[in-house]
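The lines below spell out each chain.
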Amino acid sequence: MKLAQLPVANTPAGPQTPLRRVGYVMFLSRWIQVPLYLGLIVAQVVYVWRFMMELLHLVQLGFGGKPAETTVMLIVLGLVDVVMISNLLIMVIIGGYETFVSRLRIEGHPDQPQWLSHVNANVLKVKLAMAIIGISSIHLLQIFINAARPSITDRELIWKTLIHLTFVVSALALALIDRMMGGRPQQEAGGCAEQPVRTRQDRLAV
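Cut-off values and rules
Residues numbered from 1 in each chain as written. Predicted model: local features only at pLDDT ≥ 70, side-chain atom pairs only at ≥ 80, totals over all residues. Heavy atoms only, no water. Helix = DSSP H or I, 4+ residues; strand = E, 2+ residues; numbered from the N terminus. Buried < 20%, exposed > 50% of the residue type's maximum accessible area, 1.4 Å probe, protein only. Contact = heavy atoms within 4.5 Å. Areas by Shrake-Rupley, 256 points an atom, 1.4 Å probe, with all protein chains shown as cover. Axes fitted to C-alpha atoms, helices over the stretch in contact; angles between N-to-C directions. Parallel < 35°, antiparallel > 145°, perpendicular 65-115°, else oblique. Nonpolar A, V, L, I, M, F, W, Y, C, P; charged D, E, K, R; others polar. Left-handed = near helix turned anticlockwise from the far one by under 90°. Phe/Tyr/Trp six-rings, centres within 6.5 Å; stacked < 30°, edge-to-face > 60°. Lys NZ or Arg CZ within 6 Å of the ring centre and 35° of its normal. Patch = residues over 30% accessible without salt bridge, like charges linked within 9 Å, V, L, I, M, F, W, Y side chains within 5 Å. Salt bridge = Lys/Arg side-chain N within 4 Å of Asp/Glu carboxyl O. Core = buried A, V, L, I, M, F, W, Y, C linked by side-chain atoms within 4.5 Å. pLDDT = per-residue confidence, 0-100.

> Where do I start with the overall build of the protein chain in this structure?
Helix and strand counts for the protein chain stand at 5 helices and 0 strands. Helices (α) and strands (β) of the protein chain occur, in sequence order from the N terminus, as α-α-α-α-α. By the burial criterion, 21% of the 206 residues in the protein chain qualify as buried. A separation of at least 24 residues holds for 71% of the contacts in the protein chain among residues at least 6 apart in sequence. When the accessible surface of the protein chain is totalled, it reaches about 15,700 Å², and 66% of it is carbon and sulfur.

Structure (structure tokens):
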């Protein structure tokens, strides 16, 4: 007896193969960003060199003469500014590479940053906004210290204060959006969990 041949259904494997290849190429395109992060590492080295030069200048002023307290304060604020920008670069390099390129695979390492375990695009944006606020605060404080100089006008003070407040409002808006987006999955999960319970109750009532 010959078995009847069943009709073979048209599988979509053939038409999807080129699309899968295109999608795989697009997925591999994330490695194009690697030179960008390597360039930020070079920028980090430049900021380290600048920090050392400013620190040497501060040591020469502190031990080689009697500079004004305002001068020392401005140099120290400049050093703090360099450090905060360097921290910003670290967050962009590590967080951006982890989020958009590839996993770092450093789980369990004693030096793993705490924020890296739950980092995503939204969290990274909020952290970057907070770092920018800190940098803007340092620049604003430097301007307030130099406010007595004729080169600093009231208009410049007002505009830079407004720009700083804009950064603060933007960071608050990003944090609020991140919190709202973080609450949706819980609500949806709660709604999905309640639905089977209601179904069983309806069955019992019937």
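From this point, the narrative continues.
> When you look at the packing of helix α3 (residues 69-100) against helix α4 (residues 121-145) in this model, what are you seeing that I'm missing?
Between two packed helices, both the angle of their axes relative to each other and the distance between the axes serve to describe the pair. Axis separation between α3 and α4 bottoms out at 10 Å; the angle between their running directions is 170°. For the element pair α3 / α4, the angle class is roughly antiparallel. Of the residues contributing to the contact of α3 with α4, the split by class is 19 nonpolar, 8 polar and 2 charged.

> Whenever I open this one, the packing of helix α2 (residues 34-64) against α3 confuses me. Can you help?
One can describe the packing of α2 onto α3 by two numbers: an axis separation of 10 Å at closest approach and a directional angle of 165°. If you check the angle between α2 and α3, you find them roughly antiparallel. Along this stretch, α2 crosses α3, giving a crossing that reads as left-handed. Residues of the contact of α2 with α3, tallied by class, amount to 23 nonpolar, 5 polar and 2 charged.

> Can you help me understand the packing of aromatic side chains in this one?
In this description, an aromatic ring pair is defined by two values, namely the gap between the centres and the angle between the planes. Within the structure shown, the criterion is met by 1 aromatic pair. With a centroid separation of 6.2 Å and 85° between ring planes, the pair formed by Tyr 37 and Tyr 97 is classed as edge-to-face. Here Tyr 37, found in helix α2, pairs with Tyr 97, found in helix α3; they are 60 residues apart in sequence, far enough to count as distant. Exposure class is identical for Tyr 37 and Tyr 97. Each is buried. The ring centre of Phe 27 lies 4.0 Å from the NZ or CZ of Arg 30, which sits over that ring.

> Sorry if this is basic, but what is going on with a nonpolar patch on the surface here?
Where nonpolar side chains cluster on the molecular surface, the patch consists of Val 48, Trp 49, Met 52, Met 53, Leu 55, Leu 56, Val 59 and Phe 63 and spans about 820 Å² of accessible area. With respect to the secondary-structure elements, Leu 56 resides in helix α2. By relative accessible area, which is 44% here, Leu 56 ends up partly exposed.

> Explain the pattern of salt bridges here, please?
For side chains of opposite charge, pairing can occur when their charged atoms come near one another. Counted under the stated rule, the structure contains 2 salt bridges. As a salt-bridge pair, Lys 160 and Glu 156 come within 3.1 Å of each other at their nearest N and O atoms. Highlighted residues: Lys 160 and Glu 156, both in helix α5 (residues 154-205), separated by 4 residues, approximately one helical turn. A relative accessible area of 25% places Glu 156 in the partly exposed class.

> Hey, could you run me through the nonpolar core in this one?
Nonpolar side chains tend toward joint burial in soluble globular proteins. Counting 5 residues, the largest nonpolar core is built from Ile 85, Leu 88, Met 91, Ala 131 and Ile 135. Listed by contribution, the elements that provide at least two residues to this core are α3 and α4. No other element matches the 3 residues that α3 contributes to this core.

> In this structure, what is going on with the confidence of the model for the protein chain? I would like to understand it.
The pLDDT averaged across the protein chain works out to 77; a share of 78% of its residues lies at or above 70. Within the protein chain, α5 has the poorest average pLDDT of any element, 67, and α2 the best, 91. Note that residues 185-206 has pLDDT below 50 and, in this model, 0 contacts with residues that lie over four places away or in other chains.

> I would appreciate a short explanation of the environment of Phe 51 in the present structure.
Along the polypeptide, Phe 51 turns up in helix α2. Remark: the alpha-carbon pair of Phe 51 and Val 83, spanning 32 residues in sequence, is separated by 7.9 Å. Here Phe 51 is in contact with Leu 79, Val 82 and Val 83, once residues within four sequence places are set aside.

> Help me understand the environment of His 164 in this model?
Position of His 164 among the secondary structure elements: in helix α5. Along the backbone, His 164 and Ser 137 are 27 residues apart, and their C-alpha atoms lie at a distance of 7.2 Å. Setting aside residues no more than four positions away along its own chain, His 164 makes contact with Ile 133, Ser 136, Ser 137 and Leu 140.

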